[in-house]
Amino acid sequence: MAPNASFSFDYRVTHLEEQPPPFPQLTIECEVCDTFVDRAELVEHLEACAHDSSAPYMLKMMFLHQAKLENIEKWIDLNYKLLCDGHPLQLPKGICYHCPNPEDHRNERCKHLTRLEYLQTMLTKTEEDYQWHFTEAQRFLTKTQIEMLSLKQRRYLDDYFKKIEGENSDPTSNEPAFTAEEKEYPASTCAEIRSIERRNNEKMRDLQEDVERKSRENYIFQMEKRRNRHEEMIDYLTIKDRVSPDFELEFA
Ligand SMILES: [Zn+2]
Ligand SMILES: [Zn+2]
Ligand SMILES: [Zn+2]
C-alpha cells in the first residue's frame, strides 16, 4: 500500500432519461484498502474501513445533500408530468410553489397561471436551494476523497514507524524500544521519512487539483444537462398552452 498509489474515481453515467440524478453513478475504489466498493455500500464500508477518520461522515453528508437534490427534481418531474397530462398537481407537503401562504392558495391566487407559468414558478422557486445542495454535495465528496488519502498516508507512516522501531529494538534487552523523543533516528532513516512526507504532500496536492477540476467539470456538465431538460419542458408546455389556452390548474 504505497502512499503515492493512484487515486481513481470512476464516473459512470447510468441515469434514466426521465429522472437523471444530479450526480452520475459513482463506483469507487476504496483507496484505503484497495477494493472496489459499490456506491450503495460505500458508507457502510467506510464506517469499518476508515472508522478512524471523518471520511464516513463526509460521505454521509454528501448523500444527504444528494437526496435533497433528487427530491427537488422528483417533485418537479412529477408535476411536469401532471401538467402534461392535465391531472391535478401534487404539492410537496401541500405547499404551493406560487402562493406566498396557504390562505392565498386556498383563495386560488395561483389559479390564473398557465401550465408554463406554473412550471417556471417551480423552476425559479427551487433554483437557489438546488444550487446550494449541489455545491454542498460536491464539497463533501471532495472532502471524503481528501480524507481517504490522508488516512491512507497516516496509516502508511504509522506502519513505517512501527517497522523501524521494531528493527531498532533489542529483543534481549528489557529497555523499551526507543521513541522519537528519546533517540535520534539514523540519518538514512530521517532522509527516508522526509522523502515519504514529501511524496505524501505532492500526492495530496495532485489529488486536490484533480478533484477540484473534476468537480468544476461535473458542475458544468450537470447544469447543462439540467438546463436542456428544463428547456424541453418549457417548449412542450408552451405548445400545450397554445393548443388549449382555457386549461385551469387543479390541485390534488
Ligand atoms: Zn476500504
Ligand atoms: Zn397556489
Ligand atoms: Zn433544501
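Look up a bit, the structure's there.
What comes next concerns the included structure. Quick caveat, the model's predicted, so the values are computed rather than measured. (Residues numbered from 1 in each chain as written. Chains lettered and ligands numbered in written order. Predicted model: local features only at pLDDT ≥ 70, side-chain atom pairs only at ≥ 80, totals over all residues. Heavy atoms only, no water.)

**Regarding the overall build of the chain**
Across its full length, the chain carries five helices and three strands. Listed N to C, the secondary structure of the chain is β-β-β-α-α-α-α-α in terms of helices and strands. The buried share of the chain, taken over its 252 residues, is 42%. The long-range share in the chain, meaning contacts at least 24 apart out of those at least 6 apart in sequence, stands at 71%. (Helix = DSSP H or I, 4+ residues; strand = E, 2+ residues; numbered from the N terminus. Buried < 20%, exposed > 50% of the residue type's maximum accessible area, 1.4 Å probe, protein only. Contact = heavy atoms within 4.5 Å.)

**Looking at the coordination of the zinc ion (ligand 2)**
Only Cys-96 (SG), Cys-99 (SG), His-105 (ND1) and Cys-110 (SG) from the protein coordinate the zinc ion (ligand 2), and they sit 2.0 to 2.3 Å from it. Seen from the zinc ion (ligand 2), its four donor atoms lie at angles of 103 to 118°, and the figure they make is tetrahedral. On the accessibility criterion, Cys-110 (1% relative accessible area) is buried. (Donors = N, O, S within 2.8 Å, 3.2 Å for Na, K, Ca; no water. Tetrahedral: all angles 85-135°; square planar, octahedral: opposite > 155°, others 65-115°.)

**Quick word on the environment of Tyr-156**
If you trace the backbone, Tyr-156 turns up in helix 4 (residues 115–168). For Tyr-156, a relative accessible area of 24% gives the class partly exposed. Along the backbone, Tyr-156 and Ile-196 are 40 residues apart, and their C-alpha atoms lie at a distance of 9.2 Å.

**Details of the environment of Lys-68**
Tracing the chain through its elements places Lys-68 in helix 2 (residues 55–85). With relative accessibility at 43%, the residue Lys-68 sits in the partly exposed group. C-alpha of Lys-68 to C-alpha of Asp-129: the two residues are 61 residues apart in sequence and 9.1 Å apart in space.

**Comments concerning the coordination of the zinc ion (ligand 3)**
Bound to the zinc ion (ligand 3) on the protein side are Asp-129 (OD), Asp-129 (OD) and His-133 (NE2), at distances that span 2.1 to 2.4 Å. Within this pair, Asp-129 and its partner His-133 are both found in helix 4, separated by four residues, close to a single helical turn. Relative accessible area serves as the criterion here: at 38%, Asp-129 is assigned to the partly exposed category.

By themselves these figures say nothing about function.
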